[in-house]
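Architecture at a glance
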Amino acid sequence: MSTLRIRRPDDWHLHLRDGAHLAAVLPHTAARFARALVMPNLKPPMTTTAALAGYRARILQALPEGMRFEPMMTLYLTDRTPPDEIRKARASGFVVGAKLYPAGATTHSDAGVTSIDNVWGALEAMAESGLVLQVHGEVTHPDVDVFDREREFIDRVLSRIVERVPALKVVFEHVTTAAAVDFVRGARPGVAATMTPQHLLMNRNAMFEGGIRPHHYCLPVLKRERDREVLVAAATGDDPRFFLGTDSAPHARHTKENACGCAGIFSAHAGIELYAEVFDAAGRLDRLEAFASERGADFYGVPRNQESITLVREEWTVPSGYPFGADELVPLRAGGKIAWKLVTG
Ligand code: DOR
Ligand code: ZN
C-alpha cells in the first residue's frame, strides 16, 4: 500500500501557545486535523471559561483564510476551581474537558493541583455535567526517579480518581510506559489514553545519541524500548481506549538549546505522517484510521469527521527549522527524512 486515504483525523492533545507563536504553528495542525483539543497551559493559565472563550476566538482569528479547523478547549484545573466554573464550562458548548496538571509537573504547571484532595468537588461536578478529565499523569515528588513518575502516579493518584468518581470520563494523556497501558486496559469503562508520535517512535536512547539531544526532551520523558513496544502494540491493536494526541509542544530554539532546556517536542508539521510510519512499521496501516480519526471522537462523544485526507509513501526532508514568531523552532526529525507525505490540494 503506497497511498492511504483516511477519514480526517483529530488531535486530542495539542499546544498552540498564543500571539505570533500561535499564528506560526496553527497552519501545520489545521492542514491535517479537523479538530484539536487545545491545552490551557498558557501564561497566565486558562482557568476560566471566559479566558478560554477569548483564547478560542484568537485561535480562530489566527486561522489562515480558507482553512477549516475547530479548536476544542479544556479548562486548567487548580486547587480552587469552583464547581460552578465547571458548570459554566460545560454550558459554553466549546469546552469539552478540564486538565489536571500536578503542580510543578511540567511547562506552566505552577498553578496546577497540589493535592488531589483539593479537587474532589470539581471532579464530581465534571462527572455530573459530562466534562472529560485530561490528566498529566506524573507525580512530582523529588524523591521519585524521573523514569518512575508515571508509574507512581497510577497507584498514588489515578486509580483513586477512577475509583472514587465512577461516572467521570478520564483520559490518561501521553502514556509512556507498559504500566500505563496495563492500567488503561484493565480500567473501568470511561478511561482512555492518548499517545504521542515521539513515544511510539523513540526510546530514551534518543535523548543521548552521541551527546545530549534537547529536541528529544519532553515530559513525560521517553522511556525504555520495552515500553515503546507495548505502546505500539496498544496503538495498532483493537482496543478503542488508545487514540491519537500529538502533544506537539513548540518552544523557541534558544529555550531548548539551553543550560536548562524546556520540555516539549514539536511534531505538528508531520502530525499524522509520523504515526503513519509507526503503523507501517508494525504492518498495521489498516488500523491508522481507527486510532487517528475514530476512537477519540467516539470517546468524546462527537461525530466522526466526514472529510478525508490522503497520505502517500514518499520520502521528504524535514526543514532544519520553522519560523516561530520572532524565533525559530526545531521540529521533530529536523533535517532528516519522513517516509509518508500528506497530499494537499
Ligand atoms: O513536554 C511537554 N511539553 N510536556 C508537557 O506536559 C507540556 C508541554 C509544553 O507545554 O511545552
Ligand atoms: Zn501536553
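Figured I'd write up the structure that's included with this text. (Residues numbered from 1 in each chain as written. Chains lettered and ligands numbered in written order. Predicted model: local features only at pLDDT ≥ 70, side-chain atom pairs only at ≥ 80, totals over all residues. Heavy atoms only, no water.)

Taken together, His 15, Arg 17, Asn 41, Thr 106, Thr 107, His 136, Cys 218, Leu 219, Ala 249, His 251, Ala 263 and Gly 264 are the residues near ligand 1. Asn 41 is positioned with one of its side-chain polar atoms (N or O) 2.8 Å from an oxygen atom of ligand 1. Separating an oxygen atom of ligand 1 from a side-chain N or O atom of His 251 is a distance of 2.7 Å. For ligand 1, the protein covers 100% of the area, taking 290 Å² as the surface of the free molecule. (Near = heavy atom within 4 Å. Polar contact = N/O pair within 3.5 Å; in protein donor to acceptor, adjacent residues only side chain to side chain. Areas by Shrake-Rupley, 256 points an atom, 1.4 Å probe, with all protein chains shown as cover.)

So, on to the environment of Ala 234. Mapping Ala 234 onto the fold places it in helix H8 (residues 225-235). When neighbours within four sequence positions are excluded, Ala 234 is seen to be in contact with Val 181, Arg 185, Met 195, Phe 242 and Arg 295. (Helix = DSSP H or I, 4+ residues; strand = E, 2+ residues; numbered from the N terminus. Contact = heavy atoms within 4.5 Å.)

Grouped together as the largest cluster of nonpolar side chains are 101 residues, with contacts concentrated most on Leu 16, Leu 123, Leu 133, Ile 161, Met 195 and Leu 288. Non-local contacts of Ile 161, meaning those with residues more than four positions away in its chain, are made with Leu 100, Ile 116, Trp 120, Leu 123, Leu 133, Leu 168 and Val 170. Within the second largest apolar cluster, 13 residues are counted, among which are Met 39, Val 96, Val 132 and Phe 243. (Core = buried A, V, L, I, M, F, W, Y, C linked by side-chain atoms within 4.5 Å. Buried < 20%, exposed > 50% of the residue type's maximum accessible area, 1.4 Å probe, protein only.)

To continue, consider the packing of aromatic side chains. In the structure shown here, the tally under the stated rule is nine aromatic pairs. On the numbers, 6.4 Å between centres and 80° between planes, the contact of Phe 172 with Phe 183 is edge-to-face. Of the two residues, Phe 172 sits in strand E7 (residues 169-172) while Phe 183 sits in helix H6 (residues 178-186), which places them 11 residues apart along the sequence. Across this residue pair, the class does not change: Phe 172 and Phe 183 are buried. Through pairs of rings, three or more aromatic residues link up here, namely Trp 12, Phe 243, Phe 299 and Tyr 300. The positively charged end of Arg 204 is found above the aromatic ring belonging to Phe 147, 4.5 Å away from the centroid. (Phe/Tyr/Trp six-rings, centres within 6.5 Å; stacked < 30°, edge-to-face > 60°. Lys NZ or Arg CZ within 6 Å of the ring centre and 35° of its normal.)

Bringing helix H10 (residues 273-281) into the picture now. With seven of nine residues buried, H10 lies mostly within the body of the structure. Taken residue by residue, H10 has Glu 273, Leu 274, Tyr 275, Ala 276, Glu 277, Val 278 and Phe 279 as its buried positions. Gly 283, located one to two residues past H10, shows a positive phi value of around 70°.

Here the focus is the state of the cysteines. This model, assessed by the stated rule, comprises zero disulfides. The thiol of Cys 218 is unpaired, and the distance to the nearest cysteine sulfur, on Cys 262, comes to 13 Å. When its relative accessible area of 1% is taken as the criterion, Cys 218 is described as buried. There is no disulfide at Cys 262, and the cysteine sulfur nearest it, in Cys 260, is 7.4 Å away. Overall, Cys 262 belongs to the partly exposed group, its relative accessible area being 26%. (Disulfide = S-S within 2.5 Å.)

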